[in-house]
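Notes for the structure review
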Amino acid sequence: MNQYHLDHLKELESESIYILREVAAQFENPVLMFSGGKDSILLVHLAQKAFFPGKIPFPLLHIDTGHNFPETIAFRDEMVERVGARLIVGSVEEGIKSGLVIEEKGFNASRNALQTAVLLDSLEKGKYDAALGGARRDEEKARAKERFFSHRDEFGQWDPKNQRPELWNLFNGKKHLGEHFRVFPISNWTELDVWQYLATEKVKLPSLYYAHEREVFERDGTLLANTPIIPRKKTEIVKKIMVRCRTIGDMTCTGVWASEARTIEEIISEVATTRMTERGGRTDDKRSETSMEDRKKTGYF
């Protein structure tokens, strides 16, 4: 990697660390949302750097759908123990049992949208006034509208037309009682930036990101992992091929990609040449043209 790219990554790192420290300074009770994906892993790594030699000064919050890849949960638990963080789990399964949310039925059922109510409930129970997330502006057009400090009203809702100006790295965290902020320290990173930085820093990642053999089937142009939690139609044939994940989420809506990239260097080469966005395999984003923005307005991550 040439010096230009190294300088570019250092600038991104410096910006993100500055934002993390601003959160610690401006808010009384922040929490870091953790999904087990590369972006939230990057946030944890940056937080370790920001507050070294101390530990990360806020807990990690994982909204567990109960339909995660087993590899994700195993990695989450190992990483939390390794970095000495405190983990809080908001359970969609428990939300269904308590009546907080109602589970979808049918072939295209997913628990992904049910995370919103569980997330808002977890934030309310913890009295968190800021929730740090690993969303990036290049991921999806709704996320491109977010500020670093993204205000949420007392119902956890987001108004894309009511964004505060952020000039000269001045961030306004003032809020009324009951309101909170979502904070996105890696907003200016791209998928390629993330991978190049993770390679440079030698950050440990879940095995799902690397090419491995898995049983899959195709639905509406997306490859889904073959699992008992996803009912298959008679026409959907299971085959075993080499695949990897570009994003990690609920198994019911997270598509996998046919790939031979077994190393981080091969992943970087693959990402640099693809024309498909990393969320191109997320079936939840395809429910409508504004599905992500609609979910975000109601409190989704």
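1. A short note on the environment of Val194
- Tracing the sequence through the fold places Val194 in helix H6 (residues 191–201).
- Overall, Val194 belongs to the buried group, its relative accessible area being 0%.
- Spatially, the C-alpha atom of Val194 lies 8.7 Å from that of Leu9, the residues being 185 residues apart in sequence.
- If sequence neighbours within four positions are ignored, Val194 has contacts with Lys38, Asp39, Leu42, Arg136 and Trp189.

2. Re the packing of helix H2 (residues 38–51) against H6
- Packing of H2 against H6 brings their axes to within 11 Å, and their N-to-C directions diverge by 50°. As the angle between them shows, H2 and H6 are arranged oblique. Crossing of H2 over H6 shows left-handed handedness. Contacts between H2 and H6 involve Lys38, Asp39, Leu42, His45, Leu46 and Lys49 from the first element and Glu191, Val194, Trp195, Tyr197, Leu198 and Glu201 from the second.
- Here the residues of the contact of H2 with H6 sort into six nonpolar, one polar and five charged.

3. Quick notes on helix H3 (residues 70–83)
- Helix length check: H3 (14 residues) gives 20 Å between terminal C-alpha atoms against 20 Å at 1.5 Å per residue, within 8%.
- Taken as a whole, H3 has its buried residues at Thr72, Phe75, Arg76, Met79, Val80 and Val83. With its buried residues spanning 130° around the axis, H3 presents them on a single face. For H3, the exposed residues lying more than 90 degrees away from the buried face are Pro70 and Glu81.
- Next to the buried residues of H3 lie H2, strand E2 (60–64) and strand E3 (87–91).
- Downstream of H3 by one or two residues, Gly84 has phi in the positive range, about 70°.

4. With respect to the packing of H6 against helix H7 (residues 264–273)
- At a minimum axis distance of 10 Å, the contact between H6 and H7 shows a crossing angle of 165°. With respect to H7, the axis of H6 lies roughly antiparallel. Relative to H7, the crossing made by H6 is left-handed. Within the contact between the two elements, H6 uses Glu191, Leu192, Trp195, Gln196, Leu198 and Ala199 and H7 uses Ile264, Ile267, Ile268, Val271 and Ala272.
- Each residue belonging to the contact of H6 with H7 can be placed in one class, and the counts come to nine nonpolar, one polar and one charged.

5. What about the sheet that holds strand E8 (residues 222–225)?
- Strand order in this open sheet of four strands is E8-E7-E9-E10, and the pairing throughout is antiparallel. Strands at the two margins of the open sheet, each flanked by one partner only, are E8 and strand E10 (257–258).
- Examined bridge by bridge, strand E7 (residues 212–219) and strand E9 (residues 239–244) share five bridges and lie antiparallel to one another. If you follow Glu215 over to E9, its bridge partner there is Lys240.

6. A few points about the packing of aromatic side chains
- Tallied over the full model, the rule gives six aromatic pairs.
- Where Phe27 meets Phe149, the ring centres are 5.6 Å apart and the plane angle is 45°; that geometry is what we call tilted. A residue pair is termed long-range when its members are at least 10 positions apart, and Phe27 in the loop between helix H1 (3–26) and strand E1 (30–33) and Phe149 in strand E5 (residues 149–152) qualify at 122 residues. Each member of the pair, Phe27 together with Phe149, is buried.
- Pairing Phe27 with Phe181 gives two aromatic rings, centres 5.6 Å apart and planes at 55°, and the pair type is tilted. Residue Phe27 is located in the loop between H1 and E1, and its partner Phe181 is located in strand E6 (residues 180–183); the two are separated by 154 residues in the primary sequence.
- On the basis of relative accessibility, which here comes to 5%, the residue Phe27 falls in the buried class.
- An aromatic cluster is built from Phe27, Phe149 and Phe181, whose rings are joined through pairwise contacts.
- Seen from the ring of Trp257, Arg246 lies directly overhead, with NZ or CZ sitting 4.6 Å from the centre.

Criteria and cut-off values
Residues numbered from 1 in each chain as written. Predicted model: local features only at pLDDT ≥ 70, side-chain atom pairs only at ≥ 80, totals over all residues. Heavy atoms only, no water. Helix = DSSP H or I, 4+ residues; strand = E, 2+ residues; numbered from the N terminus. Buried < 20%, exposed > 50% of the residue type's maximum accessible area, 1.4 Å probe, protein only. Contact = heavy atoms within 4.5 Å. Axes fitted to C-alpha atoms, helices over the stretch in contact; angles between N-to-C directions. Parallel < 35°, antiparallel > 145°, perpendicular 65-115°, else oblique. Left-handed = near helix turned anticlockwise from the far one by under 90°. Nonpolar A, V, L, I, M, F, W, Y, C, P; charged D, E, K, R; others polar. Expected span 1.5 Å × (residues − 1). Arc of directions from axis to C-beta. Pairing = 2+ DSSP bridges. Phe/Tyr/Trp six-rings, centres within 6.5 Å; stacked < 30°, edge-to-face > 60°. Lys NZ or Arg CZ within 6 Å of the ring centre and 35° of its normal.

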